[in-house]
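Read off the chains here:
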Amino acid sequence: WAGPTIFVVGMGLWFMSSFPNPDHSFAQIIGQWMNPIWAPMGVDWQVGVAILLSFAAREVFVSALAIIFAVQQESQTGIFHSLSQAVTSDGYAVFTLPVVLGLIIFFMISMQCLPTLVVAKKEMGGWKLPLIMTITYIGLAYLLAIITYQVSLLFFGPIS
């Protein structure tokens, strides 16, 4: 499941990030519309789009970041260099220590695997319990990621 899912989501994201043009793409429009949801975790629209797409499978997060930042920066360097140099529209680093800590907590707890949800539906005989499980895990992960980010800001500041 992971390989085909990553490929399909990656191709869809490439299309969304490239059209109608890289400076004002469908991915950017969606990301900026959802930005208020992700802002309490300290992430910008680009990382928010990658998080949203990672609900298909966690592995999609890294490939989504690679596509988004390569398209945005038009860089030929590796993903680590691109991500370490990434800045928000305000000129701040995208991946500060508080942001990364919040993302780690989010991904540790969040239920982000569509195939797992489908298997849970099959095993539990319906959608009710799998949906409750998914909403609970995502909600808890989101809340703990916000707390982690906000508390980390007290110790490390916004730019680390």
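The coordinates are above.
Everything numeric here is computed off the predicted structure, so don't read it as measured data. (Residues numbered from 1 in each chain as written. Predicted model: local features only at pLDDT ≥ 70, side-chain atom pairs only at ≥ 80, totals over all residues. Heavy atoms only, no water.)

Right, let's get into the packing of helix α2 (residues 26-38) against helix α3 (residues 45-53). Running from N to C, α2 and α3 cross one another at 90°; their axes reach a closest spacing of 8 Å. The angle between α2 and α3 falls in the class roughly perpendicular. Contacts between α2 and α3 involve Ala27, Gln28, Ile30, Gly31, Gln32, Met34, Asn35 and Trp38 from the first element and Trp45, Gly48, Val49, Ile51 and Leu52 from the second. Partitioning the contact of α2 with α3 into residue classes produces eight nonpolar, five polar and no charged. (Axes fitted to C-alpha atoms, helices over the stretch in contact; angles between N-to-C directions. Helix = DSSP H or I, 4+ residues; strand = E, 2+ residues; numbered from the N terminus. Parallel < 35°, antiparallel > 145°, perpendicular 65-115°, else oblique. Contact = heavy atoms within 4.5 Å. Nonpolar A, V, L, I, M, F, W, Y, C, P; charged D, E, K, R; others polar.)

Moving on, we get to the environment of Ser18. Tracing the backbone shows Ser18 in helix α1 (residues 2-18). Sequence separation of Ser18 and Gln28 is ten residues, and the distance between their C-alpha atoms is 9.8 Å.

Looking now at the nonpolar core. Membership of the largest hydrophobic core comes to 33 residues, with the highest contact counts inside it found for Leu13, Met41, Val47, Ile51, Phe61, Leu103 and Phe106. Elements with a contribution of two residues or more to this core: α1, α2, α3, α4 (60-73), α6 (97-109) and α8 (128-156). Among the elements that make up this core, the one with the highest residue count is α4 (seven residues). What Ile51 contacts, discounting residues up to four positions off in sequence, is Trp38, Met41, Val43, Phe61, Leu103, Phe106, Phe107 and Gln112. (Core = buried A, V, L, I, M, F, W, Y, C linked by side-chain atoms within 4.5 Å. Buried < 20%, exposed > 50% of the residue type's maximum accessible area, 1.4 Å probe, protein only.)

So, on to the packing of aromatic side chains. The relative placement of two aromatic rings is captured by the distance of their centres and the angle of their planes. Applying the stated criterion across every chain, the model contains six aromatic pairs. Geometrically, the ring pair formed by Trp38 and Phe106 is edge-to-face, given 6.3 Å between the ring centres and 90° between the ring planes. Here Trp38, found in helix α2, pairs with Phe106, found in helix α6; they are 68 residues apart in sequence, far enough to count as distant. When its relative accessible area of 6% is taken as the criterion, Trp38 is described as buried. (Phe/Tyr/Trp six-rings, centres within 6.5 Å; stacked < 30°, edge-to-face > 60°.)

The description of two helices packed together rests on the angle between their axes and the distance between the axes. Two elements in contact, α6 and α8, have axes whose closest approach is 8 Å; the angle formed by their N-to-C orientations is 160°. Here α6 is positioned roughly antiparallel relative to α8, judged by the angle of their axes. Between α6 and α8 lies a crossing whose hand is right-handed. For the pair formed by α6 and α8, the contact residues are Leu97, Pro98, Val99, Leu101, Gly102, Ile105, Phe106 and Ile109 on the first element and Tyr137, Ile138, Leu140, Ala141, Tyr142, Leu144, Ala145, Thr148, Tyr149, Ser152, Leu153 and Phe156 on the second. Among the residues making up the contact of α6 with α8, the classes are represented as 17 nonpolar, three polar and no charged. (Left-handed = near helix turned anticlockwise from the far one by under 90°.)

If you check which residues of helix α7 (residues 114-124) are buried, you get Pro115, Leu117 and Ala120. Residues of α7 that are buried in the fold lie against α8.

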